[in-house]
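# Results of the structural survey
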Amino acid sequence: MKKIENKRYERLSANSQKRLVIESDNVLHELQNESEDKITGLDYFYDVAGKFARGQLSAQEKKKYIATNCVQVPIELIYAADAIPIRICSGAYSMSQAGDGLLPAKSCSLVSATFGAIYTNSFPVDQEILSIITPTTCDQKKKLSEIPTGIDQPFYTLELPPAKDSEEAREYWYRSVKKFKRKLEKITGNRISRRRLKGAILKVAKAQQAFRNFHQLRKEQTIISGTNAILVANTFFYDDIESWTRHLNDLISELKQRSDRDQTVVENNNPRLLLTGSPSIFPNLKLPIMIEKMGGTIVVDEFCSSNRLLYDTVAVDEWNMYDMIPALADRYLKACTCPCFTPNPDRERKLLAYIKDFQVEGVVYQSFSGCQLYELESLRISRLLEEANIPMLYVETDYSPDDKGQLATRTEAFIESLKTNQHN
Amino acid sequence: MNKLQKHINNSNISKFRLVFQILAFLLLIYGGYLSIDLGTSIPTFACPYNQECPGTCYLISAQHQVHNTWASLFGFRGKALLAGLLSFVLLFLILNKAWCGYICPLGTIQDWITKLRNRIGVSFSRYDDLSFKRLKTIKYVLLVLLLIIPLGMSNSIFGLPLLSHDLSAPFCQICPGRIITPLFVGDASQLFVDFTNATTMFMSSLGIIVLALFIVGSIFKKRFFCFFCPMSALHFLFSKIALLRLNKNGENCTKCGNCYRVCDVGIKAIAEDIDHSYIVKDDCMMCLKCIEACPENDCLKASFLTLPVFESTEEGFFSRNLHLDHEMQKPSQKVIEDEKD
């Protein structure tokens with residue numbers, strides 16, 4: 001009996017991995033052939049995404065890898081412990097199918113996909129993962145580590161407060177981060193020294209600077225499709241940070257040159273859209289691809305897998321351990337607009353600021369079915385946008401391709417109505 | 001002009017402040033050797049107990065000027081009081097609370113102690129919200145006392161008997177500046193307990209206790225004394241109309257809290273207040289570190305009249321931070337030090 005089960009598990013694992021490769025290749029193929037006028041700087045990012053699906057991110061290097069969930073894990077600490085963080089929040093339909101069987105019926109696709117990837121051991125690197133760090137964000141994510149599967153995975157729960165403005169929350173989070181630092185030192189066997197942590201903070205700051213430049217550039221001109229921009233940011237958590245930063249800087253200079261030549265890939269008259277809600281993580285780019293195919297341009301997104309990922313900075317006053325760690329902790333808490341925080345007016349303010357800065361004409365709000373937090377916050381956001389007179393399309397979807405037809409109709413209608421608004 | 005502005009916004013104002021503070025310190029401690037006279041209404045701790053101080057702290061003048069009977073205060077003594085106040089206000093308005101952050105010698109000494117502590121690698125502490133709110137009222141109490149006590153020496157307040165003249169200039173008696181600043185010119189004569197009578201004994205011992213608190217406190221808490229400083233309270237009465245201003249554009253604030261993190265006096269409003277444009281609070285010393293730590297364009301801004309002085313920019317934030325990275329790349333003495341720990 002045991003043997004049959006083992007065989008079944010192995011088959012599931014192998015199949016899911018194979019299907020993930022097909023899925024990701026399909027998406028990449030679609031993106032690469034999106035227009036005739038190719039941006040060469042994007043090739044690297046496609047390449048990384050492809051490698052991610054094949055689990056080949058680290059083929060040559062022997063390094064220590066730490067898997068992370070959600071955007072609140074202080075990656076600087078992981079770098080300082082001389083390990084590589086890899087975020088495993090998954091966008092793979094194949095993985096969500098693998099996870100579905102073990103989770104309650106109404107789990108959100110992202111969680112079941114992440115769980116599926118953990119369960120089938122389908123990590124983007126072909127090396128041992130030392131630990132899987134899960135912050136206590138949403139109920140489904142934090143309970144992942146407690147699902148009985150018979151397979152032991154090295155979970156670590158990083159305690160995150162449910163609020164972020166109070167003094168108590170900050171204090172709690174500081175202690176939690178300090179504990180995490182000690183845990184990292186233990187599992188990697190490397191001491192996090194003052195100098196190493198400073199180096200890691202500055203290394204991430206360089207990536208942030210590049211990312212912010214990219215963000216500013218998109219403010220001025222629509223020189224890259226929103227889907228590609230989402231993928232570019234997304235690959236941050238797949239590759240070596242320094243190489244990612246270098247390639248992003250190259251991409252920025254290429255985009256600048258193109259804009260000087262007025263060589264844009266994006267129709268300038270398309271309605272300008274903001275995409276927010278449950279994050280579209282590669283290869284689940286179903287909605288952004290659909291929107292842009294239907295004639296809308298995503299000028300900016302508010303996803304924890306792209307714009308929320310790198311924007312917030314670390315400000316250290318005294319470069320000693322006692323100040324660096326709270327500074328780091330603050331970066332992940334104070335400005336974070338994750339709906340797991342209550343109250344969360346900062347998300348509303350951020351959306352309004354994006355709408356103003358990027359001259360957004362309409363908002364598309366994605367909720368994965370079962371993703372309670374984004375579903376709940378959509379109520380406030382839709383009220384807010386109504387007051388601001390910005391049309392919003394609420395889309396409830398998941399990773400399956402079944403609703404593509406329905407999505408196409410709805411997004412097309414929405415975009416058409418925005419175009420009519422433009423003419424009036 | 002734009003280029004210059006960009007250069008300034010990218011610069012490290014804390015380094016500029018460090019140099020400026022040293023120069024101001026030299027002027028206010030040793031200026032007397034050059035026979036400089038800056039008048040008697042200086043809006044910061046320029047302490048004449050130090051013989052070489054080129055001016056007089058306005059708190060001394062104020063305490064002496066109100067030390068009069070009501071009758072004379074409404075006569076020509078009152079005019080002297082008004083003239084003193086007017087010149088204090090005029091001087092103050094130019095620099096606003098930057099008098100504390102850039103010029104005050106006691107502030108500078110505390111900053112040096114902070115630097116030393118940082119070097120050694122000892123952590124600092126912060127007040128929690130509640131203590132912050134409670135303790136910040138002390139400076140107003142001190143301000144009221146330092147004005148009422150001299151009045152009570154010449155007039156009977158609420159029918160009480162006149163106060164002893166040994167309480168003359170009561171704040172100076174407990175101010176650490178009276179003892180510390182003369183030490184820098186080699187004069188330790190203020191470090192004593194006056195055994196003349198109970199009042200003098202009490203006041204002079206209190207002065208030494210406050211001095212000890214000043215030194216010990218500023219090791220553990222940045223700008224420990226400033227939080228209780230009555231000069232700071234007096235400043236704040238006029239701060240809203242000052243020429244040097246610190247403004248915040250709440251729309252561009254992401255509430256990341258960077259500004260509050262680096263604030264030496266721990267003003268939370270700088271991060272949380274997104275409704276008010278003028279953001280100078282009573283404890284603020286306008287060191288402008290908050291602007292340095294702000295990564296948003298056009299969010300925090302210091303200006304003189306309408307002229308921008310220093311603004312928060314994304315570019316500036318990263319250029320200051322990544323400058324540290326270049327320093328780290330350089331092999332230096334530091335590396336060897338770090339290898340050890």
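Residues numbered from 1 in each chain as written. Chains lettered and ligands numbered in written order. Predicted model: local features only at pLDDT ≥ 70, side-chain atom pairs only at ≥ 80, totals over all residues.

With that settled, the discussion passes to the environment of B:Leu95. Residue and element names in this part refer to chain B. Mapped onto the secondary structure, Leu 95 falls in helix α5 (residues 76-95). By the C-beta count within 10 Å, which is 20 here, Leu 95 ends up buried. As a C-alpha pair, Leu 95 and Leu 243 span 148 residues in sequence and 6.8 Å in three-dimensional space. (Helix = DSSP H or I, 4+ residues; strand = E, 2+ residues; numbered from the N terminus. Buried ≥ 20, exposed ≤ 12 C-beta atoms within 10 Å, placed from the backbone.)

In this section: the domain arrangement of chain B. All names here are of chain B. One can read the domain layout of chain B as domain 1 (15-235) and domain 2 (241-321). Contacts between the two partners involve 21 residues from domain 1, matched on the other side by 15 residues from domain 2. Contributing elements (two or more residues each) for the side of domain 1 that touches domain 2: α5, α6 (98-103) and α13 (230-238). Counting residues per element, the side of domain 1 that touches domain 2 draws most heavily on α5, at four residues. Its residues assigned to classes, the side of domain 1 that touches domain 2 shows eleven nonpolar, four polar and six charged. (Domains from an automatic or database assignment. Contact = placed C-beta atoms within 7 Å. Nonpolar A, V, L, I, M, F, W, Y, C, P; charged D, E, K, R; others polar.)

With that settled, the discussion passes to the nonpolar core. If you look at the biggest cluster of nonpolar residues, it comprises 208 residues, and the most contacted ones within it are A:Ile201, A:Leu273, A:Leu274, A:Leu328, B:Cys259, B:Met286 and B:Cys290. Element by element, the count of residues in this core is highest for helix α8 (residues 194-220) of chain A, at nine residues. There are two domains that each give this core at least three residues, and those are domain 1 (15-235) and domain 2 (241-321) of chain B. Each residue touching A:Ile201, except ones within four places of it in the same chain, is listed here: A:Glu76, A:Val314, A:Val316, A:Met324 and A:Leu328. (Core = buried A, V, L, I, M, F, W, Y, C linked by C-beta atoms within 7 Å.)

For the rest of this paragraph, the subject is the environment of A:Val27. On the secondary structure map, A:Val27 appears in helix α1 (residues 2-32). Placed 23 residues apart in sequence, A:Val27 and A:Gly50 show a C-alpha to C-alpha distance of 9.8 Å.

Residues and elements named next belong to chain B. Relative to the helices and strands, Ser 61 resides in helix α3 (residues 58-65). Distance in space between the C-alpha atoms of Ser 61 and Asp 264 is 29 Å, their sequence separation being 203 residues. In contact with Ser 61, other than residues within four places in its own chain, are Thr 40, Ser 41, Thr 56 and Gly 84.

Facing 25 residues of chain B, the contacting portion of chain A comprises 25 residues. Where the side of chain B that touches chain A is concerned, the elements lending two or more residues are α14 (258-262) and α17 (314-329) of chain B. The leading source of residues in the side of chain B that touches chain A is α17(B), at eight residues. Per-class residue counts for the side of chain B that touches chain A are nine nonpolar, seven polar and nine charged.

Residues and elements named next belong to chain B. An order of β1-β2-β3 is seen for the three strands of this open sheet, with the pairing classed as antiparallel. In this open sheet, the two strands that pair with only one neighbour each are β1 (244-248) and β3 (307-311). Adjacent strand axes in the sheet meet at a mean angle of 30° when their direction is disregarded. Both strand β2 (residues 300-304) and β3 contribute to a ladder of four bridges, which runs antiparallel. (Pairing = 2+ DSSP bridges. Axes fitted to C-alpha atoms, helices over the stretch in contact; angles between N-to-C directions.)

It is worth spelling out the sheet that holds strand β6 (residues 297-302) of chain A at this point. Through backbone hydrogen bonds, the strands of a sheet pair up, either in parallel or in antiparallel fashion. All names here are of chain A. Overall, parallel pairing links the four strands, which are arranged β6-β5-β7-β8 in an open sheet. Edge positions in the sheet fall to β6 and β8 (392-397), since each of these pairs with one other strand and no more. Adjacent strand axes in the sheet meet at a mean angle of 25° when their direction is disregarded. Inspection of the sheet shows strand β5 (residues 272-277) paired to strand β7 (residues 362-368) by five bridges, in the parallel sense. Bridging across to β7, Thr 276 finds its partner in Tyr 365. Its contacts with the sheet put helix α15 (residues 372-388) on β5, β7 and β8, and the angle it makes with β7 is roughly 165°.

All names here are of chain A. The amide bond that connects Phe 282 to the next residue, Pro 283, takes the cis arrangement and shows omega of 0°. Structurally, Pro 283 can be placed in the loop between β5 and α11 (286-293). Following Thr 342, the chain continues into Pro 343 via a peptide bond in cis, with omega recorded as -5°. Despite not being glycine, Asn 389 shows a phi value in the positive range, around 65°. For Asn 389, the position within the fold is in the loop between α15 and β8. A residue is classified by how many C-beta atoms lie within 10 Å of it, and Asn 389, with 6 of them, is exposed.

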